[in-house]
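Chains, contacts and geometry: an overview
What follows is each chain in one-letter form.
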Amino acid sequence: MTIDPTGRMTVHNQAKGGSVLTSSSPSSSHAPGDRSAPAARHAPLESRRVCVVGAGYVGLTAAACLSHLGHRVALVEADAHRLDQLRQGVVPIHEPGLDRLMADGVAAGTLAFFGEPGPALPGSEVAFLCVGTPPQPTGVPNLGLLAGAAREVAAAATSDLVVVVKSTVPPGSCEAIELVCQEHARPGVSVSVVSSPEFLRESSAVEDFLWPDRVVVGADDPSIGRMVASLYPPGCPVVLTDRRGAELVKYAANTLLAIKVSFANEVAGLCDALGTDATTVLEGVGLDHRLGTAFLGPGTGYGGSCLPKDVAGFRAVGEALGTPTYLADAATRQNDRARREVVRKLHRILGPLAGRQVAVLGTAFKAGTDDTRDSPGLDIAAQLGAAGAGVRLHDPLASGAAGQVESVAEALDGADALVVATTAPEYGELPATAVAAGMRGRTVVDAAGVLDLRAYLDAGLSIYGVGRGLATEFPAIVWPPLRWAHPPAPQVAV
Ligand SMILES: NC(=O)c1ccc[n+]([C@@H]2O[C@H](COP(=O)([O-])OP(=O)(O)OC[C@H]3O[C@@H](n4cnc5c(N)ncnc54)[C@H](O)[C@@H]3O)[C@@H](O)[C@H]2O)c1
């Protein structure tokens, strides 16, 4: 490690003769991870013209935030309806703070919307590709949209261009995308491809982009890597590596998060059998600063457009390389179990589910978003439907699911059981007495762990959770392998 006179810290990587640079500017306006800094316009080191392709959670957030940072951004969206919405000032997704940044950028003339790269690209030195890379049954994501976007920007570029792949892709993809770009670029125009995966979380996307824990840039030419890093908020920690390394950082980070979630549910399973509370047990585990409490809570497991897909991608890469991914495999199995377990609990409590009516609260994959991709709540509802139960669904932000109703009261009306599948604050605030009065049956499965157990018990409801000491039965514990020398172990009847 070396520290230069400006305070820049450089860590030299042992691997592959390359160098990983971790830098943080001493003149930064905020410490890494400090989100209390004012959201005023950061002054970028150098304002650049940037094209962003794809106006989804990643692209729209990146475009609005880059314009907020002082860059001039042209955002390209292929979907005509979404493009119309953007041009009319309508934010097509639910993300706190995005509407203001978008409006500010449009008013300042630093953010404009286009339907194709041709008119958007002239003058841009950099194009961020932020299109979807949806999952396939093999685990390898479908890179068709990404290749298409790469072809379009390469063909439209009239001067040298750096293409930044922000979409999540398996290691090696940027090299392939560069070949696609070179094949379609005009004679004399050079297109190079850099990896810079995105780590934002839906529901706090703007905050995560402007105050990232770190920015990762993978470039085979370090000077291009440094130029791309300089586009991000000044002062944020930057990990500069090669392209395959950057691509793997994203897969590895999401896989480790998934492993933590699944481990928490593994502990919750034991807590259910032992009759003790997983939330407290996991707090006791996670407060060890080496482990951390984040992503260590019991519940319905992970869902959404990223974690399941990226764990599948990580496993597919391992399989292709002949390298075992035991932990990722186990996390996936435990996650499938977490969803099945909710239905299994209902079955144990109610008996056959055919003909029963169940209210499922939470169709988004988590609280605070309208995104329903790979939603645990929808999966649980589908399993209940397959078992012959009638299901009514509700969500405070997401809409459009079959069986979805407008209000919690409608969902509860005539329900034999209630399942709470997300931590939406609205559900935690439901008065237990109103829930008890609103439903036909007495069974509540609080899979998200947000309800006030005492209040629900007092309201005459039978409440069950995930690892909250509220299992349907607590079998007596017999430990045959254990032998106490003195006194002899008591025999406990099962
Ligand atoms: N959603 C997240 O929280 C998140 C976080 C980190 C990384 N990622 C990754 O980022 C990528 C994008 O994710 P997302 O959730 O924003 O996707 P998304 O599906 O919400 O949005 C993608 C957008 O790109 C548009 N598009 C597709 N092809 C286009 C083209 N050729 N030209 C212009 N527009 C085009 C689509 O119409 C859509 O609006 C994925 O690889 C994802 O895995 C997502």
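For the structure itself, consult the block above.
Please read these numbers as outputs of a predicted model, since none were measured by experiment.

Quick notes on the overall build of the protein chain
What the protein chain contains, in helices and strands, is 17 helices and 16 strands. Pairs at least 24 apart in sequence give 68% of the contacts found in the protein chain among residues at least 6 apart.

What about the environment of S230?
You can see S230 is positioned in the loop between α8 (222-229) and β11 (238-241). Of the residues examined, S230 has 14 C-beta atoms within 10 Å and is grouped as partly exposed. Placed 182 residues apart in sequence, S230 and R48 show a C-alpha to C-alpha distance of 9.9 Å.

Thoughts on the sheet that holds strand β13 (residues 390-394)
Spatial ordering of the open sheet is given by β13-β12-β14-β15-β16, a layout of 5 strands whose pairing is parallel. The open sheet has two edge strands, β13 and β16 (462-465), and neither has a second partner. Taken pair by pair, the neighbouring strands of this sheet meet at an average axis angle of 20°, ignoring direction. By the bridge criterion, 4 bridges tie strand β14 (residues 417-420) to strand β15 (residues 443-446) in an arrangement that is parallel. Paired with L418 across the two strands is V444, which belongs to β15.

Some details on the nonpolar core
Within the largest apolar cluster, 71 residues are counted, with the highest numbers of intra-cluster contacts made by V52, V53, A127, L129, V153 and V163. No other element matches the 8 residues that helix α1 (residues 57-68) contributes to this core. Those residues within four positions of V163 in sequence are excluded, and the remaining contacts are A127, L129, A150, V153, C181, V191 and V193.

Overview of the pairing of strand β8 (residues 161-165)
Burial runs high along β8: 5 of the 5 residues are buried. A two-sided burial pattern is seen for β8, the buried positions comprising L161, V163 and V165 on one face and V162 and V164 on the other. As defined by bridge partners, strand β7 (residues 126-129) adjoins β8 across 4 bridges and the pair is classed as parallel. Along β8, the bridge assignment pairs L129 with V165. Taking the sense of rotation as the criterion, the β-α-β connection linking β7, helix α5 (residues 144-156) and β8 turns out right-handed. Pairing of β8 with strand β9 (residues 191-195) involves 5 bridges; the strand directions are parallel. In the strand pairing of β9, L161 is matched with V191. The parallel pair β8 and β9, bridged by helix α6 (residues 173-184), forms a crossover whose chirality is right-handed.

A short note on the site of the ligand
The environment of the ligand is made up of 27 residues, and the closest members are G54, G56, A78, G132 and S167. At the level of elements, α1 and α5 are the ones that each hand at least two residues to the shell around the ligand. The element that contributes the greatest number of residues to the shell around the ligand is α5, accounting for 4 residues. By residue class, the composition of the shell around the ligand is 12 nonpolar, 9 polar and 6 charged.

As for helix α11 (residues 307-321)
The terminal C-alpha atoms of α11 lie 21 Å apart, and with 15 residues this matches the ideal 21 Å at 1.5 Å per residue to within 8%. Extensive coverage of α11 is indicated by the burial of 11 of its 15 residues. Within the sequence span of α11, burial applies to L307, P308, K309, D310, V311, A312, G313, F314, R315, A316 and V317. Contact partners of the buried residues in α11: α9 (243-274) and α12 (326-350). One or two residues past the end of α11 sits G322, with phi positive at roughly 70°.

Here's the deal with the packing of α5 against α6
Interhelical geometry of α5 versus α6 gives an angle of 35° and a closest axis separation of 8 Å. By crossing handedness, the relation of α5 to α6 is classed as right-handed. For the pair α5 and α6, contact is made by L146, A147, A150, R151, A154 and A155 and by I177, V180, C181 and H184, respectively. Its residues assigned to classes, the contact of α5 with α6 comprises 8 nonpolar, 1 polar and 1 charged.

Side note on helix α10 (residues 278-286)
Among all positions in α10, only A278, T279 and L282 are buried. For α10, the angular spread of the buried residues around the axis is 100°, confining them to a single face. Buried residues along α10 sit against α9.

Re unusual backbone geometry
Its identity as a non-glycine residue notwithstanding, F295 has a phi of 60°, on the positive side. Structurally, F295 can be placed in the loop between α10 and α11.

Some words on the packing of α12 against helix α13 (residues 376-386)
Any two packed helices are characterised by the angle at which their axes cross and by the distance between the axes. Interhelical geometry of α12 versus α13 gives an angle of 45° and a closest axis separation of 9 Å. Of the possible angle classes, the one that applies to α12 and α13 is oblique. Crossing of α12 against α13: the hand is right-handed. Mapping the contact onto sequence places R339, R340, V342 and V343 in α12 and P376, D379, I380, Q383 and L384 in α13. Of the residues in the contact of α12 with α13, the class split is 5 nonpolar, 1 polar and 3 charged.

Describing the environment of P298
Mapped onto the fold, P298 is located in the loop between α10 and α11. In this structure P298 comes out as buried when scored by C-beta crowding, with 27 C-beta atoms within 10 Å. Once the C-alpha coordinates of P298 and N265 are considered, the two residues, 33 residues apart in sequence, prove to be 5.1 Å apart. Among residues more than four places away in sequence, those in contact with P298 are A264, N265, A268, A278, T279, L282, G449, V466 and G467.

What counts as what
- Residues numbered from 1 in each chain as written.
- Predicted model: local features only at pLDDT ≥ 70, side-chain atom pairs only at ≥ 80, totals over all residues.
- Helix = DSSP H or I, 4+ residues; strand = E, 2+ residues; numbered from the N terminus.
- Contact = placed C-beta atoms within 7 Å.
- Buried ≥ 20, exposed ≤ 12 C-beta atoms within 10 Å, placed from the backbone.
- Pairing = 2+ DSSP bridges.
- Axes fitted to C-alpha atoms, helices over the stretch in contact; angles between N-to-C directions.
- Core = buried A, V, L, I, M, F, W, Y, C linked by C-beta atoms within 7 Å.
- Right-handed = clockwise from strand over helix to strand, strands pointing away.
- Near = placed C-beta within 6 Å.
- Nonpolar A, V, L, I, M, F, W, Y, C, P; charged D, E, K, R; others polar.
- Expected span 1.5 Å × (residues − 1).
- Left-handed = near helix turned anticlockwise from the far one by under 90°.
- Arc of directions from axis to C-beta.
- Parallel < 35°, antiparallel > 145°, perpendicular 65-115°, else oblique.

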